[in-house]
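# Topology and contacts: notes
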Amino acid sequence: MVEVGTTGASGATGSTIELIKLTKRYPGSRQPSVDSVSMRIDAGETVVFVGPSGCGKSTTLKMINRLIEPSSGSVRINGEEVTGVDPVELRRKVGYAIQSSGLFPHMTVAQNIALVPRISGWSAPRIKARVAEMLALVGLDAGEFHDRYPRQLSGGQQQRVGVARALAADPPVLLMDEPFGAVDPITREHLQDELLRLQRELRKTIVFVTHDFAEAIKLGDRIAVLRERSRIAQFDTPEAILTNPADDFVSGLVGTGAALKRPGLTRVRDVEGTGCPTVSVTDPPQQILRGRPVKWLRRGDLMRAKGSLERAGAEQTHAEREDDERGRKA
Ligand SMILES: Nc1ncnc2c1ncn2[C@@H]1O[C@H](COP(=O)(O)OP(=O)(O)OP(=O)(O)O)[C@@H](O)[C@H]1O
């Protein structure tokens, strides 16, 4: 029997996901579209795949829930190979939300949300209660929306129903493939905020695909920057990627515009010297470092630190936050 989620000391209800040398070669293609990708995603973490069009983000994502079968390599959810999991069970474990919302047009909002609980064999009263709970969770009034059809909803409302449907069976893992790609920028920002709020509450393991780097830095605990064939160019926290891009490819994707959208992030060269200690070039580095900020620590880093902060967080490099986040530095 598959274990559905874990509620560990960190309070996360998600599952770990491991991609092990995951490869997809489509029939007739000379090159693999995904070439031996390996990564580990922690329980309760939001990881965003970002990269240029056609680099293999969606293919990688869809191999996690077996919408696409890998050519080789494997995916493990909480240590269990997904190929060994019954498809119905897999759908219950792995919620899936996509750009076009993916709602069935001939089903009402309630029927769409009830889909996975129904195929999982839930009782009618339990499904009814869950639909009401999900509508409330995504901020839609049940009285107004329960019996509407998708065509009677705005794009943003359809996306909300898509997210509600993906969460209905309380899966520990949520896969989101450009779920907010088809809505206007204001609605998109609103849906992103809603997702952040939901995730603070639910602590699922979320894998989110986007080609919008600003969206990646807003939503991701970590970002996997992918280049062609889903090769990992950098896999790190938004702060680390912004302040220390691995190479020119990553720098190009980050772009100055995206970096400046991160509130409170300032280049060191632009920071006023007031209040900074003055040292001589001959002073020993360790002495200079003593008592000074060395790392960025986020709440998730502290949760995962397991006793020592030595490997937690991201090294502070050439950029500095000027805002009240200073208090969170170790
Ligand atoms: N069914 C298929 N048959 C053959 N090739 C495919 C198939 N699906 C995708 N590909 C190819 O695999 C590569 C990766 O596609 P994928 O959709 O995973 O990229 P992506 O990074 O998600 O792109 P986008 O950001 O444009 O959605 C592309 O070159 C694409 O043409």
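Right, let's walk through the structure included here. What you see is a predicted model, and the numbers here were worked out from it, not measured in a lab.

A tally of helices and strands in the protein chain yields twelve helices and 14 strands. Here the protein chain holds 330 residues, and the buried ones make up 46% of them. Counting only contacts in the protein chain whose residues sit at least 6 apart along the sequence, the fraction spanning at least 24 positions is 67%. Total accessible area computed for the protein chain in this model is approximately 16500 Å², and 51% of it derives from carbon and sulfur atoms.

So, about the sheet that holds strand β2 (residues 34-41). The four strands lie next to each other as β2-β1-β4-β5, forming an open sheet whose pairing is antiparallel. Since the sheet does not close on itself, it has two edges, and those belong to β2 and β5 (80-81), each with one partner. Bridge count between strand β4 (residues 72-77) and β5: two bridges; the pairing is antiparallel. When the sheet's bridge partners are listed, I77 is paired in β5 with E80. Contacting β1 (17-24), β2 and β4, helix α1 (residues 57-64) runs over the sheet at an angle of about 120° to β1.

Turning next to the site of the ligand. Every residue close to the ligand is listed here: Y26, S33, P52, S53, G54, C55, G56, K57, S58 and T59. Between the ligand and the protein, one listed contact pairs an oxygen atom with a side-chain N or O atom of S33 at 2.8 Å. Here an oxygen atom of the ligand and a side-chain polar atom of S53 are 2.6 Å apart. Classifying every residue of the shell around the ligand gives three nonpolar, six polar and one charged.

Moving on: empty space enclosed by the protein. A probe matching the size of a water molecule, rolled over the atoms, marks out where space remains unfilled. By the definition in use, this model includes three cavities of 30 Å³ or more. In this structure, the largest cavity occupies an estimated 90 Å³ of space. Broken down by secondary-structure element, the contributors of at least two residues to the lining of the largest cavity are α6 (155-167) and α7 (185-202). The element best represented in the lining of the largest cavity is α7, accounting for four residues. Taken together, the residues that form the lining of the largest cavity break down as six nonpolar, one polar and two charged.

Looking now at the sheet that holds strand β7 (residues 173-177). The strand order β6-β7-β8-β3-β9-β10 describes an open sheet built from six strands, whose pairing is mixed. Of all the strands in the sheet, the pair left with one neighbour each is β6 (94-98) and β10 (232-236). Mean inter-strand twist for the sheet, computed between neighbouring axes without regard to direction, equals 15°. Here strand β3 (residues 46-50) runs beside strand β9 (residues 222-226); their pairing, made up of four bridges, is parallel. By the bridge assignment, V48 is partnered in β9 with I223. Its contacts with the sheet put α1 on β3, β6, β7, β8 (205-210) and β9, and the angle it makes with β7 is roughly 155°. Packing of α7 onto the sheet brings it into contact with β3, β7 and β8, and relative to β8 it is tilted by some 160°.

Before going further, it helps to spend a moment on helix α3 (residues 109-119). At 3.6 residues per turn, the α-helix brings residues three or four places apart onto the same side. Here α3 lies mainly inside the structure; eight of its eleven residues are buried. When α3 is considered as a whole, its buried residues turn out to be V109, A110, N112, I113, A114, L115, V116 and P117. Looking at the buried positions of α3, the neighbouring elements they touch are α2 (87-93), α4 (124-137), α5 (142-145) and α6.

What follows is about the pairing of β3. Consecutive residues of a regular strand have side chains that alternate between opposite faces of the sheet. The buried fraction of β3 is high, at five of five residues. Here β3 shows no split at all, with T46, V48 and V50 on one side and V47 and F49 on the other all buried. Bridge analysis of β3 against β8 gives five bridges, and the strand direction is parallel. Considered in β8, the bridge of T46 is made with I206.

One side chain can pair with another of opposite charge once the charged atoms of both are near each other. Here the structure, examined in full by the defined rule, presents 17 salt bridges. Put simply, E194 and R160 hold a salt bridge, and the shortest N to O gap is 3.9 Å. Of this pair, E194 sits in helix α7 while R160 is found in helix α6, placing the two residues 34 residues apart along the sequence. Summarising the burial analysis for this pair, E194 and R160 share the class buried. Between E215 and R188 there is a salt bridge; the shortest N-O distance is 3.2 Å.

The next point concerns the side chain of S74. With respect to the helices and strands, S74 occurs in strand β4. Residue classification places S74 among the buried positions, given a relative accessible area of 11%. Aside from chain neighbours lying at most four places away, what touches S74 is E18, L19, I20, L22 and E81.

Cut-offs and rules
In every chain, residue numbers begin from 1 and rise along the written sequence. Given that this is a predicted model, residues contribute local features only at a pLDDT of at least 70 and side-chain atom pairs are listed and counted only at 80 or more, while totals for whole chains, interfaces and linings are drawn from all residues. Computation of side-chain values: all heavy atoms of the structure, hydrogens and water removed. Under the scheme used here, helices are H or I runs from DSSP no shorter than 4 residues and strands are E runs no shorter than 2 residues, and both carry numbers assigned from the N terminus. Relative accessible area decides the class of each residue, using a 1.4 Å probe on protein chains only: under 20% of the type maximum gives buried, over 50% gives exposed, and in between gives partly exposed. Residues count as neighbours in contact if any of their non-hydrogen atoms are within 4.5 Å of one another. All accessible-area figures derive from a Shrake-Rupley calculation using a 1.4 Å probe, and residue coverage is judged against the displayed protein chains alone. When DSSP locates at least two bridges between a pair of strands, those strands are taken to pair. Axis lines are fitted through C-alpha atoms, for helices just across the contact stretch, and the angle between N-to-C directions can take any value from 0 to 180 degrees. Proximity criterion: a residue is near a molecule or strand once any of its heavy atoms comes within 4 Å of it. Between N or O atoms, a polar contact is any pair within 3.5 Å; within protein, one atom must be a potential hydrogen donor and the other a potential acceptor, and residues adjacent in sequence are included only when both atoms are from side chains. Note that Gly is not counted as nonpolar here; it falls among the polar residues with everything else outside the nonpolar set of Ala, Val, Leu, Ile, Met, Phe, Trp, Tyr, Cys and Pro and the charged set of Asp, Glu, Lys and Arg. With a 1 Å grid spanning the protein atoms alone, the term cavity applies to any set of points in which a 1.4 Å probe fits but cannot get out, the term pocket to an open set with protein on both sides within 12 Å along at least five of seven lines, and the term lining residue to any residue with an atom within 4 Å of a point. Grid points are joined across faces, edges and corners, and a volume is the space filled by probe spheres set on the points. A pair is scored as a salt bridge if a Lys or Arg side-chain nitrogen falls within 4 Å of a carboxyl oxygen belonging to Asp or Glu.

No statement about biological role is implied by the geometric values presented.
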